[in-house]
Amino acid sequence: MNAPTGAALDTLRAKAQADHRALKGRMDQLSDDAIDVVLRQARSHYAWTDKPVPDAVLEEIYEITINGATSMNTLPARFVFVKSSEGKERLSKSLKPLNVPKMASAPVTVIVAHDLEFWQHLPFLFPHEDRRHFFEGKPAFCEATAFRNGTLQGAYFMMAARALGLDVGAMSGFSNEIVDEEFFAGTSLKSNFLINLGYADETALFQKLPRFAFDDVCRWA
Ligand SMILES: Cc1cc2nc3c(=O)[nH]c(=O)nc-3n(C[C@H](O)[C@H](O)[C@H](O)COP(=O)(O)O)c2cc1C
């Protein structure tokens, strides 16, 4: 455990508060267009142009994603960027047949996984108090925490990619067991879902499907 204390901690807290005030001063909400790009009018994509995605852009998506909130700052997600034809071949063994061409034609397919041993990193990620005992020897709690927060991080990743102008298509139509065997054998990593990534060929899009209205699924309490 190596957490700042005393005056050093006071300085860091004051900076965090000033940074937040400065950000809200520069921009207090996204434009309508930005909201449309990231979520409101964003679509899932299944066909791709051959425009490449540079590695630097993938790293930038990661750098944005990793700032998203997770419980106790556990950050359990792990990302595998499948780009090579050999990697795509290995991944295709796990996919439902209709999903194979959607993955094969994408410049990059990201395996969103989580590490069941995420809690071993808490002395670095949550340094002011040793919380490892919350998780040690509690596999069901580790699994629930890793899945919940890893899924959130996958969603943050999708929003980050869209914010940088990329298109995404998530997929859960595959065998997690086969992906785990193929990519994570002998480790504490488990696959969650896949994200195809690139610049979409929008001519493959179909109409947007219905959404619930507020009153259908929300209530006040
Ligand atoms: C976690 C997740 C898994 C999905 N799995 C698949 C899949 O295996 N195959 C597929 O064609 N689409 C898949 N989709 C796409 C959804 O069907 C799509 O998001 C939904 O129909 C809404 O379409 P829209 O995002 O274009 O509005 C998945 C989406 C998510 C978020």
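The text that follows walks through the structure, step by step, so that each part is easy to find.

Thresholds, definitions, all that
- Counting starts from 1 at the beginning of each chain's written sequence and moves along it residue by residue.
- A pLDDT threshold of at least 70 governs which residues receive local features in this predicted model, and a stricter bar of 80 or more applies before side-chain atom pairs are shown or counted, although totals over entire chains, interfaces and linings include all residues.
- Only hydrogens and water are removed before side-chain values are computed, so all heavy atoms of the structure are retained for them.
- One heavy atom within 4 Å of a molecule or strand makes the whole residue count as near it.
- Polar contacts, as counted here, are pairs of nitrogen or oxygen atoms within 3.5 Å of one another; within protein the pair requires one atom able to donate a hydrogen and one able to accept it, and residues that are adjacent in sequence qualify only if both atoms are side-chain atoms.
- Note on areas: these come from Shrake-Rupley sampling with a 1.4 Å probe, and a residue is covered only by the protein chains present in the view.
- Residues are grouped as follows: Ala, Val, Leu, Ile, Met, Phe, Trp, Tyr, Cys and Pro are nonpolar; Asp, Glu, Lys and Arg are charged; every other residue, Gly included, is polar.
- Helix and strand assignments follow DSSP, with helices taken as H or I runs no shorter than four residues and strands as E runs no shorter than two, numbered in order from the N terminus.
- Throughout this description, buried means an accessible area under 20% of the type-specific maximum (1.4 Å probe, protein chains only), exposed means over 50%, and partly exposed covers the range between.
- Neither His nor the chain ends contribute to the count of charged residues, in which Lys and Arg are positive and Asp and Glu negative.
- Counted as salt bridges are all cases of a side-chain nitrogen of Lys or Arg within 4 Å of a carboxyl oxygen of Asp or Glu.
- Residue contacts are defined here by distance: any two heavy atoms, one from each residue, within 4.5 Å place the two residues in contact.
- Any two strands are treated as partners once DSSP identifies two or more bridges connecting them.
- Axes here refer to lines fitted to C-alpha atoms; in helices the fit is confined to the stretch in contact. Angles between the N-to-C directions go from 0 to 180 degrees.

The environment of the ligand is made up of Arg43, Ser44, Tyr46, Asn99, Lys102, Ala170, Met171, Ser172, Gly173, Leu209 and Arg211. At 3.2 Å from a nitrogen atom of the ligand is found a main-chain nitrogen or oxygen belonging to alanine 170. Between the ligand and glycine 173 there is a distance of 2.9 Å, counted from an oxygen atom to a backbone nitrogen or oxygen. Its free accessible area being 620 Å², the ligand has 68% of it covered by the protein chains. Across the shell around the ligand, the residue classes break down as 4 nonpolar, 4 polar and 3 charged.

So, on to the environment of glutamate 129. Looking at where glutamate 129 falls in the secondary structure, it is placed in the loop between helix 6 (122-125) and helix 7 (139-163). Distance in space between the C-alpha atoms of glutamate 129 and methionine 1 is 7.3 Å, their sequence separation being 128 residues. A distance of 2.8 Å separates the side chain of glutamate 129 from the side chain of arginine 131, its partner in a polar contact.

The phi dihedral of asparagine 73 falls on the positive side, at around 55 degrees, and the residue is not glycine. Looking at asparagine 73, the relative accessible area reads 31%, which means it is partly exposed. Of note, leucine 75 is a non-glycine position whose phi angle comes to about 45 degrees, a positive value. Relative to the elements of secondary structure, leucine 75 occurs in the loop between helix 3 (55-65) and strand 1 (77-82). Given a relative accessible area of 12%, leucine 75 falls into the buried group.

Relative to the helices and strands, aspartate 180 is located in helix 8 (residues 176-184). The charged side chain of aspartate 180 is buried without a salt bridge, its nearest counter-charge being lysine 190 at 4.5 Å. When sequence neighbours within four positions are dropped, the list of residues in contact with aspartate 180 reads Ala185, Lys190 and Ser191.

What follows concerns the sheet that holds strand 3 (residues 167-171). Here 4 strands make up an open sheet; going across it, the order is 1-2-4-3 and the pairing antiparallel. Sheet topology places strand 1 and strand 3 at the edges, where each strand pairs with a single neighbour. Averaged over all pairs of adjacent strands, the angle between their axes in this sheet comes to 30 degrees, without regard to strand direction. With 8 bridges connecting them, strand 2 (residues 108-115) and strand 4 (residues 189-198) associate as antiparallel partners. Each residue of the ladder has a partner; that of valine 108, found in strand 4, is leucine 197. Its contacts with the sheet put helix 3 on strand 1, strand 2 and strand 4, and the angle it makes with strand 1 is roughly 170 degrees. Relative to strand 4, helix 7 is tilted by about 10 degrees, and along the sheet it contacts strand 1, strand 2, strand 3 and strand 4.

This part covers the pattern of salt bridges. This structure, assessed with the given rule, holds 10 salt bridges. Between aspartate 55 and lysine 83 there is a salt bridge; the shortest N-O distance is 2.6 Å. Of this pair, aspartate 55 sits in helix 3 while lysine 83 sits in the loop between strand 1 and helix 4 (85-92), and the two are 28 residues apart along the sequence. With relative accessibility at 41%, the residue lysine 83 sits in the partly exposed group. Among the ionic pairs, lysine 93 bridges to glutamate 182, the shortest N-O distance being 3.3 Å. Taken together, the positions of lysine 93 in the loop between helix 4 and helix 5 (100-104) and glutamate 182 in helix 8 put the pair 89 residues apart, joining distant regions of the chain. Here lysine 93 falls in the exposed class, since its relative accessible area comes to 51%.

Here alanine 144 shows up in helix 7. Under the relative-accessibility criterion, alanine 144 is labelled partly exposed at 33%.

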